Amino acid sequence: MSAHFGQAFRPAPSEQYRSLTLLVLLALPVAAGQPEGERAPISLHPENPHYFLWRGKKPTILITSGEHYGAVLNRAFNYARYLETLESNGFNLTRTFSGAYCEPQGAFGIAGNTLAPTRGDLLCPWARSDAPGYANGGNKFDLTRWDQSYFARLTDFVMQAGQRGVVVEMVLFCPFYEDRMWELSPMNARNNVNGIGNVARTEVYTLKHQELLAVQEAMVRRIVAALRDCDNVYYEICNEPYFGGVTMEWQHRIAGVIAQAEATFARKHLIAQNIANNTKKIENPSPHVSVFNFHYAKPPVAVTENYHLNRPIGDDETGFAGEDRVNPYRLEGWDFIMAGGAVFDNLDYSFTVGHEDGSARINAPGGGGPELRRQLRVLKDFINGFDFVRMTPDDSAIAAGVPEGATARALVEPGRAYAVYVNGNGVSELSLNLPPGSYEVQWLNTKTGDIEKAESFRHDGGSRTLAAPGYRDDIALRVTASARPRAGLLFESDFERGDLTGWRPSGNTPTVANHPIRAGRRAMRTSLDRHNDTVPYRTEVSGPHADVGKEYWYGFSIFLPDDYVPDGIWEIVAQWHGVPDFDIGDNWRNPVMALSTTNGRWGWVSRWDAKRNTFESGKREYGGTHNYDLGPYRTGAWTDWVVHVKWLYGPDGILEVWRDGEKVIDQDGPNAFNDKDGPFFKMGLYKGWSDPNRPSDKVTSRVLYHDEFRMGGSEARYDDVAPGS
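Treat the numbers as computed from the prediction; the structure is a model and nothing was measured. (Residues numbered from 1 in each chain as written. Predicted model: local features only at pLDDT ≥ 70, side-chain atom pairs only at ≥ 80, totals over all residues. Heavy atoms only, no water.)

## Regarding the packing of aromatic side chains
Counting across every chain of the model gives 49 aromatic pairs. Taking the centre distance of 5.8 Å and the plane angle of 20 degrees together, the rings of W553 and W658 count as stacked. Placement of the pair is W553 in strand β28 (residues 551-560) and W658 in strand β34 (residues 654-659), with a sequence separation of 105 residues. Neither W553 nor W658 differs from the other in exposure class; each is buried. Relative to Y686, the ring of W570 has its centre 5.0 Å away and its plane inclined at 80 degrees; by these criteria the two rings are edge-to-face. Note that W570 is positioned in the loop between β28 and β29 (571-577) and Y686 in strand β36 (residues 680-687), a separation of 116 residues in sequence. (Phe/Tyr/Trp six-rings, centres within 6.5 Å; stacked < 30°, edge-to-face > 60°. Helix = DSSP H or I, 4+ residues; strand = E, 2+ residues; numbered from the N terminus. Buried < 20%, exposed > 50% of the residue type's maximum accessible area, 1.4 Å probe, protein only.)

What follows is the structure, encoded as structure tokens:
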């Protein structure tokens, strides 16, 4: 699909499919035999299903401030620019409607409503017919034919969102609040050539009308087939089904259709259900539903009432808080996430056609804009600074200090981490119930992200009173157990100083970046451009040496961005390089050990040679080599590596390698060269571009990141070098 789908895209005429009756169309199988992607879709976290798991082992909370759901159905909307804005703010969610529902201009007092396409700009799953007469311009729809241009735009939107780390909540249906909404729907008999949908708007989403139900089920199957291989999608059955006559039986039926359509998929997508405005206790949920959404969920009672279901709870739409476009929605977001919610989706009316960067002046019953987005980024960074899957809501951790008119909420991992949020003024001291231990304290400004006050202390257990700094409206508190000392470390680099202290550049010099990071606030950024860099094949840093015969532990983490596509020209991202004994005729050799990302897969090579001179025969000859295929790499996520090695060129050598906590190599025997000086560690990118006449494969430039490097001696253990531990 070409990049112009992200512009004000106007499709070519729909493909003329052969004539099919609706019943035959519904009988067609779902996209059988399509290859599925390497990555599993966003799912429930196995350790704590109140939250999500996405792209490997990455715990995920979804936080965003997004447009009014018309990014796909409104073809005048430049969604590429919109998604770039979400990415720049660090957000990871957007909602979008299917096109079965749209709104007239001026609905709900919304100026620049993206759900209200201008005449002729509605795209939806069904193709236009040859008959004129659609209520908002153009020909009527044919409910037996799909619009290929729509599905091209939909899949491109989801693909581009995934490249930017954004999950798409695909909302399939929406009730018709007023007759003028129903008068715009392709499912209304006035707007299609099939004579289907001659019903009242309050009967559209019921089981009463089988022909209409068949159209709806076919649309669901077609969308599910189109998005089969997308890892960044989950489905919501219906937006606000508590309006407009939507029955629970119909909702359960649609959930079943989604599940049935994915029955043969190796990787299945989550299904969400919109439960109520504000709150409602959920009873007898569909077994197919995994995510429960609420709108205007403040205070966050919906989380408390339904936490026992062990499923993610979402505050999936905000608004109607008056003329203040920022404060009410910041407060709502912090309250909801700190109560244990997994989704906060602010409805941001500053995104309009022509202002897809979110710069429009808001004239609508809600909030948004650049300042609110900056403040919600503070919330996202705060919660992601914790290992939140190990935390649960526990307000009993707050012993005293909350005045009347204010509220305080706490997410807690007892003895290790306490995230506390105060909504309201007047707190001068806050008392927490803490077990014995040493703790670090930070008071956070929720508007700027600045640390207003920090302290550390040793505590004997019981209540501990913490003096708060001055603040206005709200404040957040982070209390964490002081990190235990790491034992046996010989070298450590987390790049928090903002430079490459302790490293020696090789080739082009990497830089230090603020995003993405494995821990702390900085990581090393490695960039290589074959045609523009001074050294077109190498950008690395060299670090500490080891001694042959001794035992060492190494830990580091690597981030491969979403655009790190498989490439056939070899590329090394971490290595241990031997130092030849030149005085006896030895010379440079391949790395004694190396980690690579060639052809989209992790590879590991271990070499050894017991001879003093690897070139003693007149050519390079190793004693032996082990090559390991460690499977496909994942992008958009950090991969942690821990290596335990006893460098020996004899039978007593040891090599153990863990990836993300799983042991992937367990090798006994030789693993070193017989050199006077032992190997030294390097990381970055070394790629097979040294021959300028060798053609490129898929890429001519690469960017990746390294963080959390540690090297320990024989006294160290796994936890002493493991990233993030």
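Having put the structure on the table, let's press on.
## A short note on the sheet that holds strand β1 (residues 43-44)
With antiparallel pairing, 3 strands are arranged side by side in an open sheet as β1-β2-β3. Across the chains shown, the open sheet's two edge strands, defined by having one partner strand only, are β1 and β3 (58-60). As defined by bridge partners, β1 adjoins strand β2 (residues 52-54) across 2 bridges and the pair is classed as antiparallel. Residue L44 lies in a different strand from β2, and its bridge partner there is F52. (Pairing = 2+ DSSP bridges.)

## Comments concerning the pairing of strand β35 (residues 662-668)
On any regular strand, side chains alternate: one points to one face of the sheet, the next to the other face. In this sheet, β35 lies alongside β34 in antiparallel orientation, the contact comprising 6 bridges. Bridging from a neighbouring strand, I654 pairs with D668 of β35.

## Section: the pattern of salt bridges
Inspection of every chain in the model, using the stated rule, returns 45 salt bridges. The salt bridge partner of K298 is E332, with a shortest N-O separation of 4.0 Å. Of this pair, K298 sits in the loop between β11 (291-295) and α7 (301-306) while E332 sits in helix α8 (residues 327-338), and the two are 34 residues apart along the sequence. In this structure, the salt-bridge partner of D473 is K447, at a minimum N-O distance of 3.6 Å. Taken together, the residues span a long stretch of sequence, with D473 in the loop between β21 (462-467) and β22 (474-481) and K447 in the loop between β19 (437-444) and β20 (451-459) at a distance of 26 residues. What emerges from the salt-bridge pattern is a single network uniting R95, E169, E236, D316 and E317. (Salt bridge = Lys/Arg side-chain N within 4 Å of Asp/Glu carboxyl O.)

These results come straight from atomic positions and should not be treated as a statement about function.
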